[in-house]
Amino acid sequence: MTKKRGQLSLREEKYIKDNANSSSIEDIAASLNRNVAPIKKYIEKNQLLQTPAEHADNEILSIKLRSKSFWGEVCKQFDKETGELDYFENTWINLIKQFREDVLPAEELQIKQFITIDILINRSMKERKRHIAETEKLQKQVDFEYEIPEADRDTAKLANLETQLSFARNSIASYTNEYTKLLSEQQKISKDLKATREQRIKRIEDGKSSWTGLIRMLEDEDIREKEGRQLEILKMATSKFKDDLQSPHQYQDNEFDMPILNAESVLKNQDE
C-alpha cells in the first residue's frame, strides 16, 4: 500500500501526541500509513518524548492546572477536538516548568492570558491563510472571465466575483491588523510578567545583603512559609544528630563509648 504523503492532518497530529510516549515511532507510522521520517521529525520538533520522571512531573502539573478555579472557563473557551485545549495545557505546563513552579496566583492569571492570546493569534493566522487561498482562487476566476470577449461575458457573475474578491482582500488586511494588536498585547503581558518576577528576585537578593532587606523579603507569605519549613527541618536534623552523638557508639576496636559525654547524655541513657 502506498504511504500517505504531505502535511500531517490535525487528526494525525493528535494521534501522535496521544501515543508518542506509549508506542514506538514505527508503530505510529504504521497506524497512520506514513513513513517513519515525518513522524520522527514531528515528535522531535515538538519534544513529545519524555523520560518517566518528566512524564510524572507533567502529570502532576496537569492535575494542578485542572484544579484551578479558571479551568472550567478554559474548557468552555477552547475545543479539545481542534487541539486548542491540549495546546493550552501543554503550553501552561512548559511555562510553569520554565518558572520552576515559582508562580503566584496573579502570575498564573497573566500566564493564562498569555496563552489565550497565543491561541487567538493562531486562529487569526489560520483564517488569514484561508482567505489568502480564497483570494487566489477568486482572482483566477476573475482573470478567466476577463479573458472572455466583452460581448460574451457574464457581467453579473463577474461583478459578484469581484465583490467576493474585494471582501476576501479586506479580510486578509483585517486579520493582519488583528494579529498585530494581539501580538502587542501578548508582548505587554510577557513584559509585565517578567517585570513582576524580576522585582521578586530583586527582593530576595536584597534580603541576602541587609537586615532590612531580610525583613522585607519575609513579608512575602510564600517565602516566609518556605523559610519556616527549612528551619524546622534543620531543627529536626540537629536534634536527631545530637541524639546520635549522645548514644553509645561502637568503634572499630569493638569498644563502646558516647561521643558526647556530659550530664545530659548520662541521664538520657540512664532513663533509657
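What you see is a predicted model, and the numbers here were worked out from it, not measured in a lab.

About the criteria used
- Residues numbered from 1 in each chain as written.
- Predicted model: local features only at pLDDT ≥ 70, side-chain atom pairs only at ≥ 80, totals over all residues.
- Heavy atoms only, no water.
- Axes fitted to C-alpha atoms, helices over the stretch in contact; angles between N-to-C directions.
- Helix = DSSP H or I, 4+ residues; strand = E, 2+ residues; numbered from the N terminus.
- Parallel < 35°, antiparallel > 145°, perpendicular 65-115°, else oblique.
- Left-handed = near helix turned anticlockwise from the far one by under 90°.
- Contact = heavy atoms within 4.5 Å.
- Nonpolar A, V, L, I, M, F, W, Y, C, P; charged D, E, K, R; others polar.
- Salt bridge = Lys/Arg side-chain N within 4 Å of Asp/Glu carboxyl O.
- Buried < 20%, exposed > 50% of the residue type's maximum accessible area, 1.4 Å probe, protein only.

(A) Just the packing of helix α4 (residues 52-66) against helix α6 (residues 84-98), in detail. Where α4 contacts α6, the axes come no closer than 10 Å and their chain directions differ by 110°. Regarding the angle of α4 to α6, the classification is roughly perpendicular. Remark: the crossing between α4 and α6 carries right-handed chirality. For the pair formed by α4 and α6, the contact residues are Asn58, Leu61, Ser62, Leu65 and Arg66 on the first element and Phe88, Glu89, Trp92, Ile93, Ile96 and Lys97 on the second. When grouped by side-chain class, the residues that make up the contact of α4 with α6 number six nonpolar, two polar and three charged.

(B) Up close: the pattern of salt bridges. In total, this model carries nine salt bridges according to the counting rule given. Residues Lys80 and Asp86 are paired through a salt bridge, measuring 2.9 Å at the closest nitrogen-oxygen approach. Asp86 gets classed as buried once you look at its relative accessible area, which sits at 15%. One salt bridge connects Glu127 with Arg130, and the closest N-O pair in it is separated by 2.9 Å. Note that Glu127 and Arg130 are positioned in helix α7 (residues 105-147) at a spacing of three residues, about one turn of the helix. For Glu127, a relative accessible area of 27% corresponds to the partly exposed category. Connected through shared salt-bridge partners, Lys4, Glu12 and Arg34 make up one network.

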